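Letter by letter, the chains look like this.
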Amino acid sequence: MNNCGKARAHTNIALIKYWGKADEDLILPMNNSLSVTLDRFYTDTKVTFNPEYTKDTLILNGEEVSDDEANKIYRFMDLVRERSQTSMYAYIESINYVPTAAGLASSASAYAALSAACNEALQLNMSKKDLSRLARRGSGSASRSIFGGFAEWEKGHDDETSYAHAIDANDWENELSMVFVVINDKSKKVSSRSGMSHTRQTSRFYQYWLDHVDEDIQSVKEAINNKDFKHLGEVIEENGLRMHATNLGAQPPFTYLVPDSYLVMEIVHQCREAGYPCYFTMDAGPNVKILTEKKNQQYILNALLQHFKEEQVIASDITHTGIEILE
């Protein structure tokens, strides 16, 4: 007997960052975060449970992943088995349309898709809230990829209370887009997990970060409600820079940013000065994401293409679609 499920989840980009865990095992964040879900990057995952399987197997982009590399996925599957009260192992086939570990949040779409596929395969009938809670245990940002558009991840205080929910933007997201500048598509030297742990434990600037996040979240919600692009952009840009500043305040300090990251920031400033408002943000990596209004997207693309190769500059719309169950 086979129990199959297939799902698609899109990646999300945090506009207000999650940086630092209050609980490493449960992946409870130190602060709330707020993101936008994109249509260009996504993960398709098929999960097949079978009582005859003797172990889990992961096929990523057509190639079997070694047990050592897939251990994190297999620990997540143990959690699924515990919650569903099944002993069956699974054959997992995943296609990732996101540059893995390149600062484009591939783990978010991966664990959201895996959670939804398991839910379908085992007929667990989980709500989106509970799917968000489950996905969080694989990757914190995956909690937000259950939803389309804008989403907020509530930090909570235990497993039950830490989950994401959608934010109604009255279709304003249809007028917005995001431009990615892929400066480096290689794996990061400092992972998000180790970076945020080191920063939380040693950075002199970390408490200042925590003291201002709630204010940033509230400001962004007001900007979304008022469809105030300038205010939205100013807050997300400041928040992203503040997160990266905590890394420079760590002992020893480190940074994800490289010279080309700063070049993109300068191009963004030049576009604004020319009357084309756009705002940058960076996650745990060198790549820069630029939030813009669709009507100005081509101008920003043209400005970037004067300095970067065409394959490095990618535009993406915002998707309303959250988790999709595939045939």
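The following paragraphs examine the structure supplied in this document. Keep in mind that what you see is a predicted model, and the values were worked out from it rather than measured. (Residues numbered from 1 in each chain as written. Predicted model: local features only at pLDDT ≥ 70, side-chain atom pairs only at ≥ 80, totals over all residues. Heavy atoms only, no water.)

Let's shift gears to the packing of helix H5 (residues 206-226) against helix H6 (residues 229-248). Axes are the key here: two packed helices are described by the angle between their axes and the distance separating the axes. Packing of H5 against H6 leaves a shortest axis separation of 10 Å and a crossing angle of 165 degrees. Taken together, the axis directions place H5 and H6 in an arrangement best described as roughly antiparallel. In the crossing of H5 with H6, the sense of the turn from one axis to the other is left-handed. Between H5 and H6, the contacting residues are Tyr206, Tyr208, Trp209, His212, Val213, Asp216, Ser219, Val220 and Ala223 on the first element and His231, Leu232, Val235, Ile236, Asn239, Arg242, Met243 and Thr246 on the second. (Axes fitted to C-alpha atoms, helices over the stretch in contact; angles between N-to-C directions. Helix = DSSP H or I, 4+ residues; strand = E, 2+ residues; numbered from the N terminus. Parallel < 35°, antiparallel > 145°, perpendicular 65-115°, else oblique. Left-handed = near helix turned anticlockwise from the far one by under 90°. Contact = heavy atoms within 4.5 Å.)

Pairing is antiparallel in the open sheet, where four strands are placed in the order E11-E12-E10-E13. Looking at strand neighbours, the two that pair on one side only are strand E11 (278-281) and strand E13 (313-317), the edges of this open sheet. Across the sheet, the mean angle from the axis of one strand to that of its neighbour is 25 degrees, orientation sign disregarded. H6 contacts strand E10 (176-181), E11 and strand E12 (288-293) of the sheet and is inclined by roughly 25 degrees relative to E11. Running at roughly 160 degrees to E11, helix H7 (residues 259-273) makes contact with E10, E11 and E12 of the sheet. (Pairing = 2+ DSSP bridges.)

Our focus in this paragraph is the nonpolar core. If you look at the biggest cluster of nonpolar residues, it comprises 77 residues, and the most contacted ones within it are Leu34, Val47, Phe49, Met77, Leu114 and Phe150. Contact partners of Leu34, with chain neighbours within four places excluded, come to Ile13, Ala14, Leu15, Ile16, Phe150, Ala151, Glu152, Ile167, Ile217, Val220, Lys221 and Ile224. Within the second largest apolar cluster, 20 residues are counted, among which are Val268, Cys278, Ala303 and Leu304. (Core = buried A, V, L, I, M, F, W, Y, C linked by side-chain atoms within 4.5 Å. Buried < 20%, exposed > 50% of the residue type's maximum accessible area, 1.4 Å probe, protein only.)

On to the environment of Thr246, then. Following the sequence through the fold, Thr246 ends up in helix H6. Given a relative accessible area of 0%, Thr246 falls into the buried group. In contact with Thr246, not counting residues within four places along its chain, are Trp19, Thr199, Ser203, Phe205, Tyr206 and Trp209.

Moving on to the packing of aromatic side chains. If you walk through the whole model with that rule in mind, you get eight aromatic pairs. The interplanar angle of 75 degrees and the centroid separation of 4.7 Å between the aromatic rings of Tyr18 and Trp153 together place this pair among those described as edge-to-face. In this pair, Tyr18 is assigned in the loop between strand E1 (3-16) and strand E2 (21-23) and Trp153 in strand E8 (residues 150-154), connecting sequence segments 135 residues apart. Given a relative accessible area of 0%, Trp153 falls into the buried group. Ring geometry for Phe254 and Tyr256: centres 5.5 Å apart, planes at 85 degrees, overall edge-to-face. A single burial state applies to Phe254 and to Tyr256, both of which are buried. What links up through ring pairs into an aromatic cluster is the set Trp19, Phe254 and Tyr256. (Phe/Tyr/Trp six-rings, centres within 6.5 Å; stacked < 30°, edge-to-face > 60°.)

This paragraph deals with the pattern of salt bridges. Tallied over the entire structure, the rule returns 17 salt bridges. Between Arg81 and Asp78 there is a salt bridge whose closest N-O contact spans 2.8 Å. In this pair, Arg81 and Asp78 both sit in helix H1 (residues 67-84), three residues apart, roughly one turn of the helix. On the basis of relative accessibility, which here comes to 7%, the residue Arg81 falls in the buried class. A cluster of three or more residues bridged by salt bridges with shared partners is formed by Arg83, Asp130, Arg133, Arg136, Asp159 and Glu160. (Salt bridge = Lys/Arg side-chain N within 4 Å of Asp/Glu carboxyl O.)

Here we take up H7. An ideal rise of 1.5 Å per residue puts 21 Å on 15 residues; H7 measures up with 21 Å between its terminal C-alpha atoms. At its buried positions, H7 is contacted by E10, H6, E11, E12 and helix H8 (297-305). (Expected span 1.5 Å × (residues − 1).)

The largest bend in H1 comes to about 35 degrees, at Ile73. Along H1, the residues classified as buried are Ala70, Ile73, Tyr74, Phe76, Met77, Leu79, Val80, Arg81 and Ser84. Looking at the buried residues of H1, the elements they touch are strand E4 (33-50), strand E5 (57-60), strand E7 (89-96), helix H2 (106-121) and helix H3 (128-136). Immediately downstream of H1, the backbone of Gln85 shows phi near 55 degrees, a positive value. (Bend = angle between axes of the 7 residues up to and from the residue.)

Moving on: the state of the cysteines. Applying the stated criterion across every chain yields a total of zero disulfides. With no disulfide of its own, Cys278 lies closest to Cys271 among cysteine sulfurs, the gap being 4.6 Å. Classification of Cys278 as buried rests on a relative accessible area of 0%. (Disulfide = S-S within 2.5 Å.)

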